[in-house]
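An overview of the molecular structure
Spelled out from the first residue to the last, the chains are:
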Amino acid sequence: MVYAGFTLKAQFDSFAQQFRLFVKGETTHSMEVGSDPAGNITRINNAIASLPKALEKAEQTLQSLQEKVASAKAELLRPFPQEAELAEKLARLHEVDALLDMDEKGQDVPVQDTAVADRPRAATRMYADQPKRPSVLEKLKARQAEVAGHSAAAPARIKEPSL
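Model, not experiment: these values are computed from the prediction. (Residues numbered from 1 in each chain as written. Predicted model: local features only at pLDDT ≥ 70, side-chain atom pairs only at ≥ 80, totals over all residues. Heavy atoms only, no water.)

1. Points about unusual backbone geometry
The residue Q17 is not glycine, and still its phi comes out positive at about 55 degrees. By the element assignment, Q17 lies in the loop between β2 (6–13) and β3 (18–24). The exposure class assigned to Q17 is exposed, which follows from its relative accessible area of 56%. (Helix = DSSP H or I, 4+ residues; strand = E, 2+ residues; numbered from the N terminus. Buried < 20%, exposed > 50% of the residue type's maximum accessible area, 1.4 Å probe, protein only.)

2. A word on the confidence of the model for the protein
Residue-level pLDDT values for the protein average 77, and 72% of them are 70 or greater. For the protein, helix α4 (residues 136–159) is the element with the lowest average pLDDT, namely 70, and helix α2 (residues 51–77) is the one with the highest, namely 93. Within the model, pLDDT remains below 50 along residues 109–117, and this stretch shows 13 contacts once partners closer than five positions in the same chain are excluded. (pLDDT = per-residue confidence, 0-100. Contact = heavy atoms within 4.5 Å.)

3. Looking at the pairing of β2
Summarising the sheet, strand β1 (residues 2–3) and β2 pair through two bridges and their orientation is antiparallel. Its bridge partner being in β2, V2 is matched across the sheet by T7. Bridge count between β2 and β3: seven bridges; the pairing is antiparallel. The residue of β3 that forms the bridge with D13 is Q18. (Pairing = 2+ DSSP bridges.)

4. Quick notes on the layout of surface pockets
Considering only enclosed or pocket space, the second largest pocket measures out at about 240 Å³ in volume. Around the second largest pocket, the lining residues are F6, G25, E26, T27, H29, L51, P52, A54, L55 and A58. Ranked by residues supplied to the lining of the second largest pocket, first place goes to α2 with five residues. In terms of residue class, the lining of the second largest pocket is made up of six nonpolar, three polar and one charged. (1 Å grid on protein atoms, 1.4 Å probe; cavity = no way out; pocket = protein on both sides within 12 Å on 5 of 7 lines; lining within 4 Å. Points joined across faces, edges and corners; volume = space filled by probe spheres on them. Nonpolar A, V, L, I, M, F, W, Y, C, P; charged D, E, K, R; others polar.)

5. What to know about the pairing of strand β4 (residues 28–32)
With five bridges joining them, β3 and β4 adopt antiparallel strand pairing. Opposite F22, over in β4, you have S30 as the bridge partner. The turn joining β3 and β4, which pair antiparallel and follow one another in sequence, is formed by three residues.

6. Digging into the side chain of N40
Mapped onto the secondary structure, N40 falls in helix α1 (residues 37–49). The exposure class of N40 is buried, given its relative accessible area of 14%. Within the structure, N40 has its side chain in polar contact with the backbone nitrogen of G34 (distance 2.8 Å). With near-sequence residues (within four places) excluded, N40 lies in contact with V33 and G34. (Polar contact = N/O pair within 3.5 Å; in protein donor to acceptor, adjacent residues only side chain to side chain.)

7. A short note on the sheet that holds β2
The antiparallel open sheet is built from four strands, whose spatial order is β1-β2-β3-β4. The outermost strands of the open sheet, each flanked by one partner alone, are β1 and β4.

8. As for the pattern of salt bridges
Applying the stated criterion to the full structure yields three salt bridges. With a shortest N-O distance of 2.8 Å, R143 and E146 are connected by a salt bridge. Residue R143 and its partner E146 are both found in helix α4; the two are separated by three residues, about one turn of the helix. (Salt bridge = Lys/Arg side-chain N within 4 Å of Asp/Glu carboxyl O.)

Encoded structure:
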């Protein structure tokens, strides 16, 4: 059926137990059909009358999105404001990494020497992508224990009577 240049299609929704009417043009709009024929005609007329407003809203949304795309493209062309600072920090990071790795060049540390003896056997397996040296944290803990041992031993030497 055609009404005001639009194709109308009725369908029964068995789940909701109601009739639905679809008004088809370039797009489809659906509405619930009531028991009053005059009310149904009013619903159809209201749906058709609301189309220009919906079109205007869609055009405004499209224009807004196009403006956002244009501003995003312009933002991509601008240089990164903290680029110099980033380069400086990355250079410092590479320096610190080099200093941390300096004393470990050419050394292969066995797994059992790195305080992993208390781990389960499966955790001590070495893989190609695993480092063969202890972590920095393990080295710091070992150094702290060494320093603590020296500081505990130092007072004992001072208290020894001299002959």
